[in-house]
Amino acid sequence: MRRTPAALAVLAVTLTAAFCLLVAPGPTAAAAPAPATDTRTAAAAAAAAAGTVRLTSYNICGNMCAGPPYDAQRRIAEVAAEADPGGWGADQLFLQEVCEHQYRALLDRLGPLGYGGFYSATLPAGNAAICEGHAYGNAVLVRGPVSDTADVDLTVGGEREPITVPCALASLADRPTWSCSVHLYWDDGTLAVPEADRLAEQARRWLDDGFAVVLGGDFNHSPRTATLSRFYLPERGDGAHGEFTEADESDPEFFDPAVCPPATTSACRSGETTFGAKKLDYLFFSAPHFGAASADALPLDTAVSDHNRLRVSATAN
């Protein structure tokens, strides 16, 4: 959930004809290559060899959650720990509401573990009231080399800040995969729905080109809304017309029994809450490429963020 401190003008982004969508490596976007280092434990390496991937999505509330009880050093340490080869050992991290100096601090820690990344600023540096004067935006970090990046502009007009999505092309389960850190607009859906359309259209182009796609982040809307219909598979109902499997859709503990009776339903537009009583955070996998997904929202860490951390695993098809 984003709470903007001030209204700012929308940043201009270069049109790219090849994508028919605003997709460009903007001047405030920053990519970092990763050294070819693999320090995973034997168990993590075995899981990777079996095609199992582990991911984490986390809105770290890096700007608004700055004062006590929030702890800036703990925030960096906890996010970096998600990639610890002796722990969860995430293959990829999808981070929202990230100050650029926080992203740089994470790269300093994760680079030696073989991670690269891509950062996209939605608010520029220079405003002391935002991120201590640093840029503000979203980031994706991936294990292994980043072979390409895209700064996907979803802004439709009327937003109080640009809505951009950093995407990195890297290998995931030995398959070239576009992975994007998503933060849609926090409204009633008037703007978020067309933003979601733009993101789904870009994902479709990548799928048509033979890539797998993973979309992770704070979508700012509940599972059964029109915004999320752009991503769920049609068989999930309620007007869904997407091409993705959501990581927590198969957990009957969180099914709405009035809509998805657990005894007769294998998947539902539902999931564990990640922001108070709401599920706003998701990880979507392109259905042709990944299956057997599961998710767990960790207990809220009140020293780090107002969102729960979302851990996800899936198996390559």
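Each remark here, short or long, concerns the structure printed above.
Since we're looking at a predicted model, the values are computed, not measured.

Participant: Any chance you could explain unusual backbone geometry here in plain terms?
Facilitator: In most cases, non-glycine residues show a negative phi, while peptide bonds are predominantly trans. Following P68, the chain continues into P69 via a peptide bond in cis, with omega recorded as 10 degrees. Structurally, P69 is set in the loop between β2 (52–59) and α2 (72–81). The phi dihedral of D174 is positive, around 60 degrees, even though this residue is not glycine. Relative to the elements of secondary structure, D174 occurs in the loop between β7 (164–172) and β8 (175–183). Despite not being glycine, A292 has its phi angle at roughly 50 degrees, a positive value. Of note, A292 is situated in strand β12 (residues 290–297).

Participant: Looking at this structure, how should I read the nonpolar core?
Facilitator: Formed by 30 residues in total, the largest nonpolar core has its most connected members in C167, W206, L215, F219, F231 and F284. Of all elements in the fold, only β6 (148–153), β7, β8, α4 (192–208), β9 (212–218) and β11 (281–286) reach the threshold of two or more residues within this core. Looking at which element gives the most residues to this core, the answer is α4, with six residues. With residues up to four places along the chain from it excluded, the contact list for F231 reads A196, L199, A200, L215, F219, G242, E243, F244 and F284. By size, the runner-up hydrophobic cluster in this structure holds 22 residues, among which are I60, A83, L106 and L141.

Participant: Is there a simple way to explain the state of the cysteines in this structure?
Facilitator: Applying the stated criterion across every chain, the model contains four disulfides. The side chain of C61 participates in a disulfide bridge whose partner is C65; the two sulfur atoms lie 1.9 Å from each other. On the S-S bond that ties C61 to C65, the torsion sits near 70 degrees, and the link is right-handed. There is no split in this pair, since C61 and C65 are both buried. When the cysteines engaged in disulfides are numbered in sequence order, the protein chain pairs them as 1-2, 3-4, 5-6, 7-8.

Participant: How do you make sense of the packing of aromatic side chains when you look at a structure like this?
Facilitator: Aromatic ring pairs: the centre-centre distance and the angle between the two ring planes describe each pair. Tallied over the full model, the rule gives 13 aromatic pairs. Measuring from centroid to centroid gives 4.3 Å for W178 and W206, while their planes differ by 10 degrees, and the two rings are stacked. Of the two residues, W178 is situated in strand β8 and W206 in helix α4; the sequence distance between them amounts to 28 residues. Given the relative accessible area of 2%, W206 is considered buried.

Participant: Would you mind going over the pattern of salt bridges with me for this structure?
Facilitator: When charged atoms on two side chains of opposite charge get close, those side chains can pair. The full count for this structure, using the stated rule, is 13 salt bridges. The partner of D91 in a salt bridge is R143, and the shortest N-O contact between them spans 3.3 Å. With D91 in the loop between α2 and β3 (92–99) and R143 in strand β5 (residues 136–143), this pair connects stretches of sequence that are 52 residues apart. Judged by its relative accessible area of 11%, D91 is buried. R143 sits in the buried class, given a relative accessible area of 12%.

Participant: Hey, could you run me through the sheet that holds β6 in this one?
Facilitator: The strands making up a sheet are joined through hydrogen bonds of the backbone, oriented either antiparallel or parallel. Pairing is mixed in the open sheet, where six strands are placed in the order β6-β7-β8-β9-β11-β10. Each edge of the open sheet carries a strand with a single partner, namely β6 and β10 (244–246). In this sheet, adjacent strand axes meet at a mean angle of 25 degrees when their direction is disregarded. In this structure, β6 lies alongside β7, joined through six bridges in antiparallel fashion. The partner of D148 across the bridge, within β7, is L169.

Cut-offs used in this document
Residues numbered from 1 in each chain as written. Predicted model: local features only at pLDDT ≥ 70, side-chain atom pairs only at ≥ 80, totals over all residues. Heavy atoms only, no water. Helix = DSSP H or I, 4+ residues; strand = E, 2+ residues; numbered from the N terminus. Core = buried A, V, L, I, M, F, W, Y, C linked by side-chain atoms within 4.5 Å. Buried < 20%, exposed > 50% of the residue type's maximum accessible area, 1.4 Å probe, protein only. Contact = heavy atoms within 4.5 Å. Disulfide = S-S within 2.5 Å. Phe/Tyr/Trp six-rings, centres within 6.5 Å; stacked < 30°, edge-to-face > 60°. Salt bridge = Lys/Arg side-chain N within 4 Å of Asp/Glu carboxyl O. Pairing = 2+ DSSP bridges. Axes fitted to C-alpha atoms, helices over the stretch in contact; angles between N-to-C directions.

Just geometry here; none of it tells us what the structure is for.
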